[in-house]
Amino acid sequence: MGTKVAVIGAGLAGLVCASRLAEADFIVKVYEKARSSGGRMSTRRAEGFQFDHGAQYFTCRDERFANFVQQMLTLGIVAKWEARICSYEDGLLNELSDSVTRYVGVPSMSAVTRYLANNCNVAYDVKVERIEREADEWLLFDSQGQLLDSHPFLVIAIPAPQASSLLANLPQLAAKIAQAEMLPCWAVMLGFHKRLELHFDGLFINSTKLAWVARDSSKYGRSGETWVLHAESNWSNEHIDLEPAAVIAVLCEEFCKITGLEQLDAAYKAAHRWRYALPTRPLKELAIFCPNYGIGLCGDYFLGGRVEGAFLSGLDLAQRMINELS
């Protein structure tokens, strides 16, 4: 029998770590509080529309991630996003002439984590509320205080503030993780029955309210006319408790102001609050593993919030555990 490991969180970092450990004959179980995998690589489907309302795309810099993306390209799980990207600042809209290759999941951003999750033992709709170390075992308790299971090794792959709150029994480690501050992001999703005649697919915005807008339906494998608006992180933080309807109204007004549209006749409107979206002070490590306590942590907050960072963090933690424990 292989070594038992529990992983809390079925985002990209947690699933990369779990799948790599499983390949090395560890017995891994993943616990995810949501109904599906992905974290911010999630997809919302409603009334015939779909939206990548979290992570919009990803790029490759590291060879290890590039190799993974190439594998996903071959399998048809990832495609290049051939988008016209522009920037907006001081009332001027300019097309970017960068040579960056941008990738998306197909037919949705969540396709990448769904592929990884298919090769893992994942328990969905299960929130690990509390952990305790007892006799060289980690005990995992749900929100009702019921014992879920015990494992000698534990991986925590959730946003830094949530991870820190779980580590009450390891205050020094909790304090270190808490240093990785994360700001929120309000996302607005708009579905239309007619195409918006705008000459860009993605727009970086320097304003006090919006930071990014994208024609989500321009990505490979999508259909219809859908847009995602991401609020600026400081604005999101200042308005974290604003009602969704008010968020939609403010950000749609800002979108019209920037694009010159008179109004937005959207058939579908919704807002989602990502409470932990942007690491403002990443830890600048790949991951943390404490073999004496049998615990490891990974996530995008180690390397600055990028999809590639989440992948590398999960991979690095898995390799450390394999080296130490095999």
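Summarised in this report is the structure supplied together with it. (Residues numbered from 1 in each chain as written. Predicted model: local features only at pLDDT ≥ 70, side-chain atom pairs only at ≥ 80, totals over all residues. Heavy atoms only, no water.)

## A short note on the environment of Phe 311
Mapped onto the fold, Phe 311 is located in helix α8 (residues 307–325). C-alpha separation for the pair Phe 311 and Cys 298, spaced 13 residues apart in sequence, amounts to 9.2 Å. Non-local contacts of Phe 311, meaning those with residues more than four positions away in its chain, are made with Leu 12, Val 16, Arg 64, Phe 65 and Phe 68. (Helix = DSSP H or I, 4+ residues; strand = E, 2+ residues; numbered from the N terminus. Contact = heavy atoms within 4.5 Å.)

## With respect to the packing of helix α1 (residues 12–23) against α8
At their nearest, the axes of α1 and α8 sit 7 Å apart, and the two run at 35° to each other. Handedness of the crossing formed by α1 with α8: right-handed. Touching Leu 12, Ala 13, Val 16, Cys 17, Arg 20 and Leu 21 of α1 are Val 307, Ala 310, Phe 311, Gly 314, Leu 315, Leu 317, Ala 318, Gln 319, Met 321 and Ile 322, all from α8. Considering only residue class, the contact of α1 with α8 consists of 13 nonpolar, two polar and one charged. (Axes fitted to C-alpha atoms, helices over the stretch in contact; angles between N-to-C directions. Left-handed = near helix turned anticlockwise from the far one by under 90°. Nonpolar A, V, L, I, M, F, W, Y, C, P; charged D, E, K, R; others polar.)

## Observations regarding the pattern of salt bridges
Overall, the coordinates contain 17 salt bridges when judged by the stated rule. Here Glu 23 makes a salt bridge to Arg 20, at a shortest N to O gap of 3.6 Å. You can see Glu 23 and its partner Arg 20 sitting in helix α1, three residues apart, about one turn around the helix. A relative accessible area of 58% places Glu 23 in the exposed class. (Salt bridge = Lys/Arg side-chain N within 4 Å of Asp/Glu carboxyl O. Buried < 20%, exposed > 50% of the residue type's maximum accessible area, 1.4 Å probe, protein only.)

## Let's talk about the nonpolar core
By size, the foremost hydrophobic cluster in this structure holds 49 residues, and its most contacted members are Leu 12, Leu 21, Phe 58 and Val 155. Broken down by element, this core gets its largest block of residues, eight residues, from α8. Other than its neighbours up to four places away in sequence, Phe 58 contacts Met 41, Phe 65, Val 69, Val 78, Thr 101, Arg 102, Tyr 103, Val 104, Gly 105, Met 109 and Val 307. Counting 28 residues, the second largest nonpolar core, distinct from the first, contains Leu 154, Leu 167, Ala 174 and Met 182. (Core = buried A, V, L, I, M, F, W, Y, C linked by side-chain atoms within 4.5 Å.)

## Remarks on unusual backbone geometry
A cis geometry characterises the amide bond from Val 106 onward to Pro 107, with omega recorded as 5°. Positive phi is not limited to glycine here, since Asp 90 has a value of about 55°. Relative to the elements of secondary structure, Asp 90 occurs in the loop between β6 (85–89) and β7 (92–95). Residue classification places Asp 90 among the exposed residues on the basis of a relative accessible area of 71%. One non-glycine residue with positive phi stands out, namely Lys 284, at about 60°.

## Quick look at the side chain of Glu 254
In this fold, Glu 254 is placed in helix α7 (residues 244–259). With no salt bridge to any partner, buried Glu 254 finds its closest opposite charge in Lys 209, at an N-O distance of 4.2 Å. Apart from residues no more than four positions distant in its own chain, Glu 254 is found in contact with Ser 207, Lys 209 and Leu 210. (Lys, Arg positive; Asp, Glu negative; His and termini not counted.)

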